[in-house]
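Listed here are the chains, written in short residue letters.
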Protein chains: 2
Amino acid sequence: MNINSKRFLSDLNELRSIGSAGVGKGVIRPAYSEADMAARNWLSGKFSDAGLAPHYDPVGNLFGLAKESSILIGSHSDTQPQGGWLDGALGVICGLELARISRENDGPAISVVSFQDEEGRFGVTTGSAIWAGILSLEEADKLIDKDRISFSSARKKISKFSKDFVDPKRFSGFLECHIEQGPWLYEADHTVGIVTDIVGIRDMRIIFNGEQNHAGTTPMHRRIDAYQSMLSFSQLINARFRNVVTPSTVWTTGHVKIEPDAHSIVPGKCTFSMQWRDGDNQRLDKMEHIIRSTAIEVAKRDGTSVDFTKMHGLKPVQMDEHLQKILCNAAEKICPNRWRNIQSGALHDAANIAKLMPAAMLFVPSIDGISHNFSEDTNEQDLIDGLTVLAEAILN
Amino acid sequence: MNINSKRFLSDLNELRSIGSAGVGKGVIRPAYSEADMAARNWLSGKFSDAGLAPHYDPVGNLFGLAKESSILIGSHSDTQPQGGWLDGALGVICGLELARISRENDGPAISVVSFQDEEGRFGVTTGSAIWAGILSLEEADKLIDKDRISFSSARKKISKFSKDFVDPKRFSGFLECHIEQGPWLYEADHTVGIVTDIVGIRDMRIIFNGEQNHAGTTPMHRRIDAYQSMLSFSQLINARFRNVVTPSTVWTTGHVKIEPDAHSIVPGKCTFSMQWRDGDNQRLDKMEHIIRSTAIEVAKRDGTSVDFTKMHGLKPVQMDEHLQKILCNAAEKICPNRWRNIQSGALHDAANIAKLMPAAMLFVPSIDGISHNFSEDTNEQDLIDGLTVLAEAILN
């Protein structure tokens, strides 16, 4: 069985041209943008050409359905506001090419999918979360993007040609090919990673309330400075996490808001994000305990008060063991000693689809670990190797 | 000699009603607002009643001029966007009452002034800085407020009735009464503070540049996190300042901007303000050296880079020794053991006017040290004591 790498790369590059950023290989194709809809319509034609029935569900997930019960392969074709060309798109074009190869080689039936809004213009992996029943349509419709456009108004764009939700029972399992978006495969010179699990994530905002005051006339010993409480908190958890975490655990403060945010005023309020990710739910629990108790301890010591917003959380998701084994065997055959098992630090549609059916993922390397960036890229041979491993797993 | 405390308090309260916030005793009367112009026109009438010639200079400083060579007494009647009723206004009404008392008691000639934009809608102590030649009119005209309104367009409001700049040579010295805006007098139960000096201030922004990255897939050891550099910097200077500062030295980070400011992205850039104040210029130098060298050291260690914006600085200003002595003698007579010498941690018009003539300041307590806030207040007896000490100094 031979894959058609020329056709595969040609389609991948054609998809890249829809919403091209004009900067390197960058792409600007956020969910429901004109470019996103143009890309989905292009995909729809490709599905027809491959003998698959195009099918938009009510939230914009685009399926290419085989007639009979089938395997489902895909990912998403929407991008970040400043996105790379492979993130998501690779998995969809892999699905398309595998459906064509399998048909040409009398292999099993394969359906393809491009989920909508994986990149979170409105929610988090919105389209697959709704299909998997994790997010209700009612709740989803209330979601708004940063320009205050609602998901319910955005999805009206497809209401003319959308049909019902697809019955997940038609599919025996889900495979998603994706770039790693991290440095591990690239640094180890591995061409393929078989994903063991997708890490869990917890995310909230912490607010320290102090006393807004004149920065010239308020002596240091009289200040109740909300910024200083954030400072102490962040430093303390860095130290306290040391005996709890593994090398793949991550934690991030990516958002900070100081009030009133003026040079000459001692900050009265400091709001900041705290997000942590790990593959072990118990470790996520331990970290949460450290975060909450440290914030309370710092507030008590500093005379500030502390509030926590509602915590958003996703549990770690194990990939299907049987599918993992098939993928590992295929990888060992196609690229012996150049593959490894790997944990996914990023969230993917597969985490939602695992609720519906056996699901597995295959990663290819990201050059320098760069993603969510116009300069995101992967060596061509790695793209082809990833596709070949999937073809081997499906057809042999 | 008796002061007319009823007339003094009545004028102070009448001025408070112009631009009243409707919240406690709060006032909203920023420079060149309708309320500010109404207050100045009201003052202008009061000056005429007191036998003083009202005189707007080209930048909106309002003088009430005695016919002959005189002492100048005053402050400013503009307020913060959410201001207190005494800050500035007290000094202007003190000047008005002292001019009246002196006239009624055949004392020395007194002129009164309300400087424009002491609170910095456009610049920093804008009106008195221009009059003192510290800021040129050309530069001042280019200043813009946060709504991008220029000082040159704002001051057109008074172009019809403004005259030339007043010749500073008409004045033999400047006295400014002001609330302390800090806690020292109130905590010590002192009714009056005679200012020895106005602290110097240095202010800049520091920018750490790191590497923007995915917060899920970028391992901790691979991150170059600009937020973490700010964290280490702030903690280190807190420790390193300990052997350098005095109890009245202050330093503040009141502004922070993280980029791109998203929960799931490792910060690529962190910009924050660093402001420090002290009465000793050499100590300000030492602190600046610690700030710059620590930021460079942290950047080197973290793999970030660091930039500093242009530093704004004002040197500490000594109050005139002869005027201080006269005020101290008057305080010792009027309120023995209930006054002290004090340093001003806030900037005042007197710091600019000291370039033109001998200048001195008298503080009265701020309840709980609160200022730049609707709840700013001072006990009535302290207001009267402050005025009485000034009257004693001038008349006896």
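Our subject is the structure listed above.
Note on numbering: residues in each chain are counted from 1, in written sequence order. Ligands are numbered from 1 and chains lettered from A, in the order in which they are written. Residue-level local features of this predicted model are given only where pLDDT is at least 70; pairs of side-chain atoms are given and counted only at 80 or more, and the full residue set underlies all totals for whole chains, interfaces and linings. Hydrogens are left out, water is left out, and the side-chain values use all remaining heavy atoms of the structure.

Engineer: How should the overall build of chain A be read in this particular structure?
Structural biologist: The helix count covers DSSP runs of H or I at least four residues long, the strand count covers runs of E at least two residues long, and both are numbered beginning at the N terminus. Helices and strands together make up the secondary structure of chain A, namely 12 helices and 17 strands. Every radius of gyration here is taken over C-alpha atoms, with the globule rule written as 2.2 Å times N^0.38, N being the number of residues. The C-alpha radius of gyration of chain A comes to 23 Å, within 12% of the 21 Å expected for a compact globule of 396 residues. The rule is simple: take the accessible area with a 1.4 Å probe, protein chains only, and divide by the maximum for that residue type; under 20% is buried, over 50% is exposed, in between is partly exposed. The proportion of buried residues among the 396 residues of chain A is 59%. Here, residues are in contact when the closest pair of their heavy atoms is within 4.5 Å. A fraction of 78% describes how many contacts in chain A between residues 6 or more apart in sequence connect residues 24 or more apart. Charge-centre separation for chain A: the mean point of 42 positive side chains lies 4 Å from the mean point of 50 negative side chains. When charges are counted, Lys and Arg contribute as positive and Asp and Glu as negative, whereas His and the chain ends are disregarded. The atoms used to mark charge sites are NZ of Lys, CZ of Arg, CG of Asp and CD of Glu.

Engineer: Even after reading the chapter, I still don't get the relation of the copies chain B and chain A, so can you show me in this structure?
Structural biologist: Copies of the same chain, two in number, are related to each other by a rotation about an axis and a translation along it. Only residues with pLDDT of at least 70 in both copies contribute their C-alpha atoms to the least-squares superposition of the copies. The transformation that overlays chain B on chain A combines an axial shift of 0.0 Å with a rotation of 180°, and the residual RMSD is 0.1 Å. Given the turn and translation reported, the copies of this chain are related as if by a two-fold rotation axis. For chain B, the residue whose C-alpha comes nearest the rotation axis is Leu231 of chain B, separated from it by 2.9 Å. In this assembly the copies share their binding face: 100% of the residues contributing to the interface of chain B also contribute to that of chain A.

Engineer: Even after reading the chapter, I still don't get the interface of chain B and chain A, so can you show me in this structure?
Structural biologist: In many analyses, interface size is given as the accessible surface area lost on bringing the parts together. Across the boundary between the two partners, chain B contributes 52 residues, which contact 52 residues of chain A. Carbon and sulfur atoms make up 50% of the area that chain B and chain A hide from each other, which totals about 4,400 Å². Only one rule defines a salt bridge in this text: a Lys or Arg side-chain nitrogen within 4 Å of an Asp or Glu carboxyl oxygen. At the junction of chain B with chain A, the criterion picks out two salt bridges. When the shortest N-O distance is used, the salt bridge between Glu187 of chain B and Arg222 of chain A registers 2.1 Å. The buried area of a pairing is the accessible area, by a 1.4 Å probe, that goes missing from both parts when the two are put together, added over both.

Engineer: Explain unusual backbone geometry here, please?
Structural biologist: Peptide bonds are mostly trans, and most non-glycine residues show a negative phi. Residue and element names in this part refer to chain A. Cis geometry is found at the peptide bond from Glu259 to Pro260, where omega equals 0°. Note on placement: Pro260 falls in the loop between strand S10 (256-259) and strand S11 (265-266). A positive phi angle, near 60°, is found at Asp368, a position not held by glycine. On the secondary structure map, Asp368 appears in the loop between strand S17 (359-364) and helix H12 (380-395).

Engineer: Would you mind going over the packing of helix H8 (residues 226-241) of chain B against helix H9 (residues 281-302) of chain B with me for this structure?
Structural biologist: A pair of packed helices can be characterised by two numbers: the angle between their axes and the separation between those axes. Residues and elements named next belong to chain B. Relative orientation of the contacting elements H8 and H9 amounts to 140°, with a least axis distance of 9 Å. Looking at the two axes, H8 sits oblique to H9. Crossing of H8 against H9: the hand is right-handed. Every residue of H9 that contacts H8 at Gln228, Ser229, Ser232, Phe233, Leu236, Ile237, Arg240 and Phe241 is listed here: Met287, Ile290, Ile291, Thr294, Ala295, Glu297, Val298, Arg301 and Asp302. Residues were grouped as follows: Ala, Val, Leu, Ile, Met, Phe, Trp, Tyr, Cys and Pro as nonpolar; Asp, Glu, Lys and Arg as charged; and all remaining residues, including Gly, as polar. Looking at side-chain class alone, the contact of H8 with H9 contains nine nonpolar, four polar and four charged residues. Throughout, an axis means a line fitted to C-alpha atoms (over the contacting stretch in the case of helices), and angles, computed between N-to-C directions, take values from 0 to 180 degrees. For classification purposes, an angle smaller than 35 degrees is called roughly parallel, one larger than 145 roughly antiparallel, one from 65 to 115 roughly perpendicular, and anything else oblique. By definition, turning the near helix anticlockwise from the far helix through less than a right angle yields a left-handed crossing, and turning it clockwise yields a right-handed one.

Engineer: How do you make sense of helix H9 (residues 281-302) of chain A when you look at a structure like this?
Structural biologist: All names here are of chain A. What a helix should span is 1.5 Å times the count of its residues minus one. The terminal C-alpha atoms of H9 lie 32 Å apart, and with 22 residues this matches the ideal 32 Å at 1.5 Å per residue to within 8%. All of the buried residues along H9 are Leu284, Met287, Glu288, Ile290, Ile291, Thr294, Ala295, Val298 and Ala299. Here the buried residues of H9 occupy an arc of 160° about the axis, which is enough to place them on one side. Turned more than 90 degrees away from the buried face of H9, the exposed residues are Gln282, Lys286, His289, Lys300 and Arg301. Close packing links the buried residues of H9 with strand S7 (200-209), helix H8 (226-241), strand S9 (250-252), strand S12 (269-278) and strand S13 (305-308). Counting of polar contacts relies on pairs of N or O atoms within 3.5 Å, with two restrictions inside protein: one atom must be capable of donating a hydrogen and the other of accepting it, and residues adjacent in sequence are counted only when both atoms are side-chain atoms. One side-chain oxygen at the N-terminal end of H9 lies 2.8 Å from the backbone nitrogen of Gln282; it belongs to Asp280. Positive backbone phi, at 80°, marks Gly303, one or two positions downstream of H9. Working definition: the arc comes from the directions between the helix axis and the C-beta atoms, pointing outward to the latter.

Engineer: When you look at the side chain of Ser371 of chain B in this model, what are you seeing that I'm missing?
Structural biologist: Checked against the element boundaries, Ser371 of chain B lands in the loop between strand S17 (359-364) and helix H12 (380-395). Leave out the neighbours within four places in its chain, and Ser371 of chain B touches Asp87, Ile179, Gln181 and Glu376 of chain B.

Engineer: Can you help me understand the packing of aromatic side chains in this one?
Structural biologist: In this description, an aromatic ring pair is defined by two values, namely the gap between the centres and the angle between the planes. Pairs were defined over the aromatic rings of Phe, Tyr and Trp, the Trp ring being its six-membered one, requiring ring centres within 6.5 Å. Orientation was assigned from the angle between planes: stacked under 30 degrees, edge-to-face over 60, tilted for the rest. One pass over the structure, following the stated rule, counts 26 aromatic pairs over all chains. Measuring from centroid to centroid gives 6.2 Å for Tyr32 of chain B and Phe151 of chain B, while their planes differ by 70°, and the two rings are edge-to-face. Within this pair, whereas Tyr32 of chain B is found in the loop between helix H1 (5-16) and helix H2 (34-49), its partner Phe151 of chain B is found in helix H6 (residues 151-154), the two being separated by 119 residues in sequence. No difference in accessibility class separates Tyr32 of chain B from Phe151 of chain B, as the two residues are buried. Remark: a charge is flagged as sitting over a ring if the NZ atom of Lys or the CZ atom of Arg is within 6 Å of the ring centre and within 35 degrees of the ring normal. Here the basic side chain of Arg16 of chain A rests over the ring of Trp85 of chain A, its NZ or CZ set 5.4 Å away from the ring centre.

Engineer: I tried to follow the packing of helix H3 (residues 89-104) of chain A against H12 of chain A on my own but got confused; where do I start?
Structural biologist: All names here are of chain A. Running from N to C, H3 and H12 cross one another at 45°; their axes reach a closest spacing of 10 Å. Between H3 and H12, the angle is such that the two are oblique. Between H3 and H12 lies a crossing whose hand is right-handed. Contacts between H3 and H12 involve Leu90, Cys94, Glu97, Leu98, Ile101 and Ser102 from the former and Leu383, Leu387, Leu390, Ala391, Ile394 and Leu395 from the latter. The class makeup of the residues in the contact of H3 with H12 is 10 nonpolar, one polar and one charged.

Engineer: What should I look at first to understand the pattern of salt bridges in this one?
Structural biologist: Close approach of charged atoms allows side chains with opposite charge to pair. In total, this model carries 38 salt bridges over all chains according to the counting rule given. Between Asp11 of chain A and Arg100 of chain A there is a salt bridge, with the nearest N and O atoms lying 2.6 Å from each other. Taken together, the residues span a long stretch of sequence, with Asp11 of chain A in helix H1 (residues 5-16) and Arg100 of chain A in helix H3 at a distance of 89 residues. Assigned by exposure class, Asp11 of chain A and Arg100 of chain A land together as buried. Note that Asp145 of chain B and Arg121 of chain B form a salt bridge whose closest N and O atoms lie 2.9 Å from each other. Residue Asp145 of chain B is located in the loop between helix H5 (137-142) and H6, and its partner Arg121 of chain B is located in the loop between strand S4 (110-115) and helix H4 (126-131); the two are separated by 24 residues in the primary sequence. On the basis of relative accessibility, which here comes to 8%, the residue Asp145 of chain B falls in the buried class. Take Arg121 of chain B: its relative accessible area is 26%, and that puts it in the partly exposed class. Connected through salt bridges with shared partners, the residues Arg7, Asp11, Lys46, Glu97, Arg100 and Glu104 of chain A form a single ionic network.

Engineer: I tried to follow the side chain of Ser111 of chain A on my own but got confused; where do I start?
Structural biologist: All names here are of chain A. Along the chain, Ser111 turns up in strand S4 (residues 110-115). At 2.8 Å, the side chain of Ser111 and the side chain of Ser70 are in polar contact. Apart from the residues within four sequence positions on either side, Ser111 is in contact with Gly64, Leu65, Ala66, Ser70, Ile71, Leu72, Ile73 and Phe171.

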